[in-house]
4 protein chains.
Amino acid sequence: MPKRRTLSVALIGTKFMGRAHSNAWRQAPRFFDLPADIQMAAICGRDRAETRRAAKTLDWERAVYNWKAIVADPTIDIVDICTPNDSHAEIAIAAADAGKAILCEKPLARNVTEARRMAEAVKRTRVANMVCFNYRRVPAIALAKQMIAAGEIGDRVYHFRARYAQDWIAGEKFPMVWRLQSKVAGSGALGDIGAHIIDLARFLVGEIAGVSAVNETFVKRRLTKNRSYAKVDVDDAVSVVGKFKNGAMLNLEATRFAHGRKNQLSFEINGSRGSLTFDLEKMNRLRFYDAKDPAHARGFRDIIVTEPNHPYIKNWWPAGHIIGYEHSFVDTIADFVNALVTRKRIQPDFADGLKTQRVLDLIQRAAH
Amino acid sequence: MPKRRTLSVALIGTKFMGRAHSNAWRQAPRFFDLPADIQMAAICGRDRAETRRAAKTLDWERAVYNWKAIVADPTIDIVDICTPNDSHAEIAIAAADAGKAILCEKPLARNVTEARRMAEAVKRTRVANMVCFNYRRVPAIALAKQMIAAGEIGDRVYHFRARYAQDWIAGEKFPMVWRLQSKVAGSGALGDIGAHIIDLARFLVGEIAGVSAVNETFVKRRLTKNRSYAKVDVDDAVSVVGKFKNGAMLNLEATRFAHGRKNQLSFEINGSRGSLTFDLEKMNRLRFYDAKDPAHARGFRDIIVTEPNHPYIKNWWPAGHIIGYEHSFVDTIADFVNALVTRKRIQPDFADGLKTQRVLDLIQRAAH
Amino acid sequence: MPKRRTLSVALIGTKFMGRAHSNAWRQAPRFFDLPADIQMAAICGRDRAETRRAAKTLDWERAVYNWKAIVADPTIDIVDICTPNDSHAEIAIAAADAGKAILCEKPLARNVTEARRMAEAVKRTRVANMVCFNYRRVPAIALAKQMIAAGEIGDRVYHFRARYAQDWIAGEKFPMVWRLQSKVAGSGALGDIGAHIIDLARFLVGEIAGVSAVNETFVKRRLTKNRSYAKVDVDDAVSVVGKFKNGAMLNLEATRFAHGRKNQLSFEINGSRGSLTFDLEKMNRLRFYDAKDPAHARGFRDIIVTEPNHPYIKNWWPAGHIIGYEHSFVDTIADFVNALVTRKRIQPDFADGLKTQRVLDLIQRAAH
Amino acid sequence: MPKRRTLSVALIGTKFMGRAHSNAWRQAPRFFDLPADIQMAAICGRDRAETRRAAKTLDWERAVYNWKAIVADPTIDIVDICTPNDSHAEIAIAAADAGKAILCEKPLARNVTEARRMAEAVKRTRVANMVCFNYRRVPAIALAKQMIAAGEIGDRVYHFRARYAQDWIAGEKFPMVWRLQSKVAGSGALGDIGAHIIDLARFLVGEIAGVSAVNETFVKRRLTKNRSYAKVDVDDAVSVVGKFKNGAMLNLEATRFAHGRKNQLSFEINGSRGSLTFDLEKMNRLRFYDAKDPAHARGFRDIIVTEPNHPYIKNWWPAGHIIGYEHSFVDTIADFVNALVTRKRIQPDFADGLKTQRVLDLIQRAAH
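Definitions and cut-offs
- Residues numbered from 1 in each chain as written.
- Chains lettered and ligands numbered in written order.
- Predicted model: local features only at pLDDT ≥ 70, side-chain atom pairs only at ≥ 80, totals over all residues.
- Helix = DSSP H or I, 4+ residues; strand = E, 2+ residues; numbered from the N terminus.
- Rg over C-alpha atoms; globule rule 2.2 N^0.38 Å.
- Contact = placed C-beta atoms within 7 Å.
- Buried ≥ 20, exposed ≤ 12 C-beta atoms within 10 Å, placed from the backbone.
- pLDDT = per-residue confidence, 0-100.
- Pairing = 2+ DSSP bridges.
- Axes fitted to C-alpha atoms, helices over the stretch in contact; angles between N-to-C directions.
- Expected span 1.5 Å × (residues − 1).
- Bend = angle between axes of the 7 residues up to and from the residue.
- Least-squares fit on C-alpha atoms with pLDDT ≥ 70 in both.
- Parallel < 35°, antiparallel > 145°, perpendicular 65-115°, else oblique.
- Left-handed = near helix turned anticlockwise from the far one by under 90°.
- Nonpolar A, V, L, I, M, F, W, Y, C, P; charged D, E, K, R; others polar.
- Domains from an automatic or database assignment.

**Points about the overall build of chain A**
Working step 1: What chain A contains, in helices and strands, is ten helices and 16 strands.
Working step 2: Radius of gyration (C-alpha) of chain A: 21 Å, near the 21 Å computed for a compact globule of 368 residues.
Working step 3: In terms of its C-alpha atoms, chain A occupies a principal-axis envelope of roughly 65 × 60 × 40 Å.
Working step 4: The long-range fraction of contacts in chain A, counting pairs at least 24 apart against all pairs at least 6 apart in sequence, stands at 68%.

**Description of the environment of A:I169**
All names here are of chain A.
Working step 1: Looking at where I169 falls in the secondary structure, it is placed in the loop between β7 (157–165) and α7 (182–185).
Working step 2: Among the residues examined, I169 registers 23 C-beta atoms within 10 Å and is labelled buried.
Working step 3: Between the C-alpha atoms of I169 and T217, which are 48 residues apart in sequence, the distance is 11 Å.
Working step 4: Contact partners of I169, with chain neighbours within four places excluded, come to F174 and R256.

**Let's talk about the confidence of the model for chain A**
Working step 1: Chain-level statistics for chain A give a pLDDT mean of 96 and a share of 99% at 70 or above.
Working step 2: Across the assembled chains, the prediction reports ipTM 0.96 with pTM 0.97.

**As for the sheet that holds strand β1 (residues 5–12) of chain C**
Note on sheets: strands pair through backbone hydrogen bonds, and any given pair is parallel or antiparallel.
Residue and element names in this part refer to chain C.
Working step 1: Strand order in the open sheet formed by six strands is β3-β2-β1-β4-β5-β6, with parallel pairing between adjacent strands. At either end of the open sheet lies a strand with only one pairing partner, and these are β3 (62–64) and β6 (129–132). Each strand of the sheet is rotated relative to its neighbour by a mean of 25 degrees, with strand direction disregarded.
Working step 2: Both β1 and strand β2 (residues 36–44) contribute to a ladder of eight bridges, which runs parallel. Note on β2: the bridge partner recorded for I12 is C44.
Working step 3: Across the sheet, helix α2 (residues 48–58) lies against β2 and β3, angled at about 155 degrees from β2, the strand it touches most.

**Focus on the pairing of strand β12 (residues 249–255) of chain B**
Residue and element names in this part refer to chain B.
Working step 1: Of all seven residues making up β12, seven are buried, and the element is well covered by its neighbours.
Working step 2: Burial of the side chains of β12 extends over both faces: M249, N251, E253 and T255 are buried on one face and L250, L252 and A254 on the other.
Working step 3: Bridge count between strand β7 (residues 157–165) and β12: seven bridges; the pairing is parallel. Paired with Y164 across the strands is A254, a residue of β12.
Working step 4: Bridge analysis of strand β11 (residues 237–244) against β12 gives seven bridges, and the strand direction is antiparallel. Residue pairing across strands places V238 opposite A254, the latter belonging to β12.
Working step 5: Where β11 hands over to β12, the hairpin turn is made up of four residues, of which G247 adopts a positive phi near 95 degrees.

**Details of the sheet that holds strand β2 (residues 36–44) of chain A**
Residues and elements named next belong to chain A.
Working step 1: Taken in spatial order, the six strands of this open sheet run β3-β2-β1-β4-β5-β6, and their pairing is parallel. Only two strands of the sheet have a single neighbouring strand rather than two, namely β3 (62–64) and β6 (129–132). Put simply, the sheet's adjacent strands are angled 25 degrees from each other on average, direction ignored.
Working step 2: For strand β4 (residues 78–81) and strand β5 (residues 101–105), the ladder comprises four bridges, and the chain directions are parallel. The residue bridging D80 from the neighbouring strand is L103, located in β5.

**A few points about unusual backbone geometry**
Working step 1: Backbone torsion omega between A:Q347 and A:P348 reads -5 degrees, so that peptide bond is classified as cis.
Working step 2: With an omega of -10 degrees, the peptide bond running from C:K106 to C:P107 counts as cis.
Working step 3: Along the chain, the position of C:P107 falls in the loop between β5 (101–105) and α5 (112–125).
Working step 4: Even without a glycine there, the phi angle at B:Y312 is positive, about 70 degrees.
Working step 5: Residue placement: B:Y312 occurs in the loop between β16 (300–304) and α9 (327–342).

**Focus on helix α8 (residues 189–204) of chain C**
All names here are of chain C.
Working step 1: Under the 1.5 Å per step criterion, the end-to-end length of α8 is 21 Å for 16 residues, consistent within 8% with the ideal 22 Å.
Working step 2: The largest bend along α8 reaches roughly 45 degrees and is located at A195.
Working step 3: In terms of burial, α8 is a largely internal element, 15 of the 16 residues being buried.

**Observations concerning the relation of the copies chain C and chain B**
Each of the two copies of the chain can be brought onto the other by a rotation about an axis and a shift along it.
Working step 1: When chain C is fitted to chain B, the best match, at an RMSD of 0.0 Å, comes from turning it 180 degrees and sliding it 0.0 Å along the axis. Classification of the inter-copy transformation places it as that of a two-fold axis. Among all residues of chain C, the minimum C-alpha distance to the rotation axis is found for C:G324, at 2.3 Å.

**Points about helix α4 (residues 88–97) of chain B**
Residue and element names in this part refer to chain B.
Working step 1: Burial analysis of α4 places seven of its ten residues in the buried class, the great majority of the element.
Working step 2: If you check which residues of α4 are buried, you get H88, A89, I91, A92, I93, A95 and A96.
Working step 3: Residues of α4 that are buried in the fold lie against β1 (5–12), α3 (67–72), β4 (78–81), β5 (101–105) and α5 (112–125).
Working step 4: One or two positions beyond α4, positive phi appears at G99, with a value near 80 degrees.

**Quick word on the packing of helix α1 (residues 16–31) of chain C against helix α9 (residues 327–342) of chain C**
Residues and elements named next belong to chain C.
Working step 1: Packing of α1 against α9 leaves a shortest axis separation of 8 Å and a crossing angle of 65 degrees. Classified by the angle their axes make, α1 and α9 are roughly perpendicular. The way α1 lies across α9 gives a crossing that is right-handed. Across from A20, H21, N23, A24, W25, Q27, A28 and F31 in α1, the residues of α9 making contact are F329, V330, T332, I333, A334 and V337.
Working step 2: A class-by-class count of the residues in the contact of α1 with α9 yields ten nonpolar, four polar and no charged.

**Structural notes on the interface of chain A and chain C**
Working step 1: Taken together, the 28 residues of chain A in the interface contact 28 residues of chain C.
Working step 2: Going through the elements one at a time, β7, β8 (208–216), β11 (237–244), β12 (249–255) and β14 (274–279) of chain A are the ones with two or more residues in the side of chain A that touches chain C.
Working step 3: Examining the composition of the side of chain A that touches chain C, we find that six residues originate from one element, β11(A), more than from any other.
Working step 4: Class assignment of the residues belonging to the side of chain A that touches chain C gives a composition of 13 nonpolar, eleven polar and four charged.

**A look at the interface of chain C and chain B**
Working step 1: Contacts between the two partners involve 26 residues from chain C, matched on the other side by 26 residues from chain B.
Working step 2: Those elements that place two or more of their residues in the side of chain C that touches chain B are α1 and α2 of chain C.
Working step 3: Element by element, the count of residues in the side of chain C that touches chain B is highest for α1(C), at three residues.
Working step 4: Class assignment for the residues of the side of chain C that touches chain B results in eleven nonpolar, nine polar and six charged.

**Section: the domain arrangement of chain A**
All names here are of chain A.
Working step 1: Annotation of chain A at the domain level lists domain 1 (5–135) and domain 2 (139–282 + 284–323).
Working step 2: Each of domain 1 and domain 2 was reduced to a C-alpha centroid, and the two centroids are 26 Å apart.
Working step 3: Contact with domain 1, which involves eleven residues of that partner, is made by 14 residues of domain 2.
Working step 4: Class assignment of the residues belonging to the side of domain 1 that touches domain 2 gives a composition of six nonpolar, two polar and three charged.

**A short note on the packing of helix α6 (residues 139–149) of chain C against α8(C)**
Residues and elements named next belong to chain C.
Working step 1: At a minimum axis distance of 10 Å, the contact between α6 and α8 shows a crossing angle of 30 degrees. Taken together, α6 and α8 sit at an angle that is classed as roughly parallel. Residues I141, A144, K145 and I148 of α6 lie in contact with α8, whose contacting residues are L200, F203 and L204.

**Here's the deal with the pairing of strand β13 (residues 264–271) of chain B**
Residues and elements named next belong to chain B.
Working step 1: When you tally the buried positions in β13, you get seven out of eight residues, the bulk of the element.
Working step 2: As defined by bridge partners, β7 adjoins β13 across eight bridges and the pair is classed as antiparallel. Opposite F160, over in β13, you have I269 as the bridge partner.
Working step 3: As judged from the five bridges shared by β13 and strand β14 (residues 274–279), these two strands associate in the antiparallel manner. Each bridged residue has a counterpart across the sheet, and for F267 the counterpart in β14 is F278.

Quick look at the structure:
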């Protein structure tokens, strides 16, 4: 029997995504029977005090203050990139060149040029790589994928319609943050939340053939920490229509200006024999209309996706106990580790992330 | 070919129920292919001006001010009783003795004694008779009945649970009205709205074997038109548990003190192979859980009961167009006229209404 | 006191819309205190037997088989046009020239040219005129309009997003009907159901500045009554993004290929201080998010629009009793009669219908 | 500055609750700023292999096979009892006598006699003690408590109505398990899930004055592992009506025979100025009807309880990210540790658990 491997992980980034990924690395071995042990070796951030605190709270062995030290460290197997979008390319390419397996937060990069260089780097170096579009592993969405693949909504898709709506910057007095600056974020609602529904469109329906789009920046300037105003040079919202290569119609909207919508990633897919709908604000549910049900008893079924035969659920709690946002990251990392050890390809990889980036780019150009 | 018959109708009562029944008599021939013509001959009320106005607005040929004139009129075929509960017995018995077909608003009477006399009168005189428990003919409820009869939730019922909740007297300042006086109404929430869910319990599941109950009068006195206070001597709410003769468990609640519930007649039935739920505030829907659906795709189906194959719907609008409260009365009257002409028995008749009255009585005694 | 006027109405068309309008003419005087009496003088259709039957069932005094006879009849005051779209212009212009008040089903015409001629005719002849976009008078939508006007969602609208989805032709075997033929219908889902949400966009938010669109005909040919195939030359679905003149973003979708959606006219409006959502499949509800609610207790309010202080409701039933599809037509006709008698302008008139037609045209050209 | 304390924990039980509590001990220090360090010292179970596996997977330092060794170990500060109900009393009393702080799964015991002995033991020994009614710490329920306390639904409660419904044994072929045996479980649905809603009734509204009840065992015998049948001697369902000491009415139902209900702990509270409703299957939501809202805009608000100002949420994720079942245990354990270190009393303690046990007992006797 071969000796069980230990995978040493370093995570770069200490903010929201750093916390979500840390939790996932910590929880994955507790709920999944992983083929390797996980060593949470290092967390890296620029602010020393904050990074030390994060290491302690989030249970990393050590704090590091320069990502290059991580990449240069031969004991590290996996680099997990949770930084703002403007550093993804540089870190990922260096990590690939150092032979590290890479998990990178979405969107893959600020633009297609960066994303292409990243995809080329991992192809060249043959390192394991994945973009963390975590929502693919929400059980209800994974179930939707299975049902579509099994033909449960028919052999043809007519419509994919998705909306990612939030309201956290809908107030004019919300201050300037990095996500509202093109230099760091690349784009606004489009790249931040729109990227998720584009990834899901491609995951669930197929490649996109063409788009028309409009976007808007409703609040043109925001107050900075220096009490001066800075220009918002990214989109506050974007709305897209288009077609898939398979003939299905596409309708997408991403906005942070929808009062009352806290984290509403929702979609509806209409096929030739049925429909599916999902809303992340009710993430343990999938609604399914089966046009083959008896005529008197047709209606959207409100499936509570917490049964042992639903994707990922048997790893969590007994039937009927709902899971939350963070679990999608644990599922993602468990799959990543499994693929890494068994040397199987995993989706979405950087090549896949590049395709999503091309669609982001297409939309941005269409909106101008 | 026999000459087509004309049925001459007189309605007693000009308030809410008078309006609802008038509309039904007027609309029934427009949407249903009735086996007789309907003549809206007379409406009867005590207030002359109001009754004349009602006759004109509601399209009755003449206004009458004493119900005895109706009963004595040999040209009248059908008497429709929409008065407060304390006059049901007297009118109905006189109408039966005069050989009139009778439609009577629910509850049949103030108490079992009255109800028994009414049931005996129609039995003795063999006149067509019906109690207007209109909700039996809401399409979603009629569909529930069909599905239960067809075994779609299994051959055994475990639970029937219903609640009829409103909030129109939840404010302490709501004034005294006849529905809050035992002498006129018999009981409070129990007889007014509880009667409906007891009727549905019996209609959908079967006869009730025994009950325990509690009730309460939350606001003990109300302001009258004379600016003095009068005692509220009926229940504001009642809550009941019990068993059906077939072994199913019963849980009922009727209240007018549930803020936010405007007309929430809701029920859930759990059977050995599935469940059904209904809520009158969403009256065009029936929810159905089929435990025989594939394990990964089970969930309550939200059936929009507006398809041509649903009960009564083909008489109304094309698929997908919702109907309202008043339609249940039109459906009821159409069925009543059909039964009358074809001399078929119709449910719920007075004998059936008496059974419901016995349950009301049982609950009232249990609650003391 | 002036003598009370009687308005003599003739309705052209005996199918679905003919039935809906007939019901509205019959019911309006029963529920609304109209300033004139309504005489349901004549119904007109080409099929003699069917029209006679309709006259009897729907309660019209006489059947007529040529609309020109109606227009030529000096005793007729109001012409109500419920025919397929290809005859709207000819009938309406003739009726205007004959000095009749006109109610015309939507969309006003097959195209802008026809609509412009119609608008010019009523302007020239100064006859009362209205396009029957009945959904403006659904109480929940009328309430939304009031709330927006009162600033309850803020002084600025960010998003209007609407979808009108049905599934009645989603099956490939559904046969050819006039609504699928460009020559009669003008366009497909766009003009039939899309017209409603464009009207509501304009009613609730304002004029549209520009659009991008895609459309599709999923099933290219359908079986005719002759058992041969005919080409479907209208859109099965259309998806639109755009902007309003006031800067709000627009996202629209109309489709008849959404399995499970029976009559889902839904919209969401996001303003600077709140949001509103509506779904015709739950037509007695309006959802309202008030961003000014206390921070711990914010959430979409599910307003059951059946209270006496809600638009049109005091004419119907006591609080809490839901109404249906047909009531929107009664409300519309009551308003039309009131405006006619008091010589006030009513919305949407033909000039307004022309504006909607221009948007339909804009979308159709954008989609090519 | 005093030295930071380390609390050494031993958990007894390796099944569902063992896993849920293990996760909570592991996660609490990662999300809450606890006043002490947590040492996950030992997990105890009878099956050696299974317990060793649990220790490894769930991250406990060592496996122990006899709970008496735990109680006897002076290095252990906290004993967490996650065993079946029949061993709660013996373990808890021994732990109290050994001076351990105790967290005990609900229900506190099989009956009042046991519960009283347990309450006396912790009172006598003055050890910190808590019953794990975890749902009190679901953010939406904690928010409901705050809102009631602040008078947001008025100064008087009219109705508390709760239902805990599941369907996992609704099939006749589901085998015998310990939860269906009176000797181990004490009671059936009543003690297992009914206990939760009784605890919430007392938590949210107040003490219960009296009850009437019915119960039923629908499936009287179940197949054991030995392929023979054993009698089910606990209730499958129980239904209760009653009154609170403050005059509010009570209606409770607990059942495992409601097909489609996976883990539906739901309640509705109607007060003199508003209402609250909750459903564990939508656990991140609280619905609130405020009768003081403007008359045209009243409706149940669907509050998504994921904002930083909601209870416990700032410890988890940014606004809008939903949490799951397991988080209620982490919140509970964080509160327990805080109370332990600061020597504050915590609810529900054993004295409180005894009161719930008395209500369970009252219901059981009423149902006979």
